[in-house]
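# What the coordinates show
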Protein chains: 2
Amino acid sequence: MKAFTCIAAAATLLALSAPAAAQFAKPEDAIKYRQSAMFIQSQHFGRISAMVSGKAPFDATVAADNATIVADISKLPWAGFMPGTDKGGNTKAKPEIWTEQAKFKETNEKLMAETAKLAAAAKTGNLDTLKAAFTATADTCKSCHDAFRNK
Amino acid sequence: MKAFTCIAAAATLLALSAPAAAQFAKPEDAIKYRQSAMFIQSQHFGRISAMVSGKAPFDATVAADNATIVADISKLPWAGFMPGTDKGGNTKAKPEIWTEQAKFKETNEKLMAETAKLAAAAKTGNLDTLKAAFTATADTCKSCHDAFRNK
């Protein structure tokens, strides 16, 4: 049973890492890639944040545009967390990303799901609907950062 | 006539810069944002490059996925070229971006158009069609970099 678990875990790791590993010329590129995606995402999410917190006037079209970009970009960073990229650059990645791959993958998928809901909520043009989806997304960001990102 | 040209130019600059300026907390964020978008784009474009040059096996689905991301990301960098971001960070931006805004905007639009064609070409699954669109896109990248980016 233990051996099977090991093989299953190895297979999962391989499935997660093989295509990603082929995508970057060097580990630094993978780190830069995931950080670039996260930064772009944070900028667009921040614009929605400003609106839901009342720091900026609510503009449904702008909110929807930003939320769509957040949802699209949320698909990208994960390929950058390939094996061998736990050190390098100014990465804040915790080792748990690689030692707890199933949990990490689960949080990645949760973010993609929540940002898709955010984009759908933004398209309704209803600020309260947007606020609820924003909070759910922000919580998802935070729980993943708490578990997998150093301060 | 000269005055009108000046006013028209000022209006164009304002139209180009006002929404962008409101989007970033500080100039460094704008520079980091545009560089992040360009980097992500280069990574995905590079994967198509590897396929059309024969360095990687042609996989129509992978090519289409990458081309779609290139087309989506091609819409992003421009907001980052807001006034006051000609210096700072490790920017390679040439002053011509701001002194020749109409020409710069034209190249931005050309890239968006060519990457949309690239995405459509990739979806055909035909390598020769993809190659033609890839070359047209690469030429567009190069002409803008030659005119507006320092080495």
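Structure shown above.
Now for a look at the structure at hand. Residue numbering note: each chain is counted from 1, following its sequence as written. Each chain takes a letter, starting from A, and each ligand takes a number, starting from 1, following the order in which they are written. Only residues with pLDDT of 70 or above have their local features reported here, since the model is predicted, and side-chain atom pairs are shown and tallied only from 80 upward, although totals for entire chains, interfaces and linings are computed over all residues. Here the side-chain values reflect all heavy atoms present in the structure, with hydrogen atoms and water set aside.

## Digging into the relation of the copies chain B and chain A
You can overlay chain B on chain A at an RMSD of 0.0 Å; the transform is a turn of 180 degrees with a shift of 0.0 Å along its axis. Taken together, the rotation angle and the small translation identify this as a two-fold axis. Relative to the rotation axis, the C-alpha of S36 of chain B is the closest in chain B, positioned 2.3 Å from it. Most of the interface of chain B is mirrored in chain A: 100% of its interface residues are interface residues there too. Least squares is the method used to superpose the copies, on C-alpha atoms of residues holding a pLDDT of at least 70 in both. Two residues qualify as a contact provided that any one of their heavy atoms is within 4.5 Å of a heavy atom in the partner residue.

## Considerations on the interface of chain B and chain A
On the chain A side, the residues contacting the 16 residues of chain B number 16 residues. In total, about 1,400 Å² of surface goes out of reach between chain B and chain A, with carbon and sulfur atoms giving 67% of it. Counting the surface chain B buries against chain A, the share from its top three residues, Y33, F39 and R47 of chain B, is 35%. For salt bridges, the criterion is a side-chain nitrogen of Lys or Arg within 4 Å of an Asp or Glu carboxyl oxygen. Applying the counting criterion to the chain B and chain A interface returns zero salt bridges. Pairs of N or O atoms are called polar contacts if they sit within 3.5 Å, as long as, within protein, a hydrogen donor faces a hydrogen acceptor (for residues adjacent in sequence, only side-chain-to-side-chain pairs). At the boundary of chain B with chain A, the tally comes to four residue pairs in polar contact (both at pLDDT 80 or more). Note on conventions: DSSP H or I runs of at least 4 residues are helices, E runs of at least 2 residues are strands, and numbering of each starts at the N terminus. Mapped onto the side of chain B that touches chain A, the elements with two or more residues apiece are α2 (27–52) and α3 (60–73) of chain B. Take the side of chain B that touches chain A: its biggest share by element is ten residues, from α2 of chain B. Residues were grouped as follows: Ala, Val, Leu, Ile, Met, Phe, Trp, Tyr, Cys and Pro as nonpolar; Asp, Glu, Lys and Arg as charged; and all remaining residues, including Gly, as polar. Partitioning the side of chain B that touches chain A into residue classes produces eight nonpolar, four polar and four charged. Buried area is understood as the total, over both parts, of accessible area removed when two parts are fitted together, assessed with a 1.4 Å probe.

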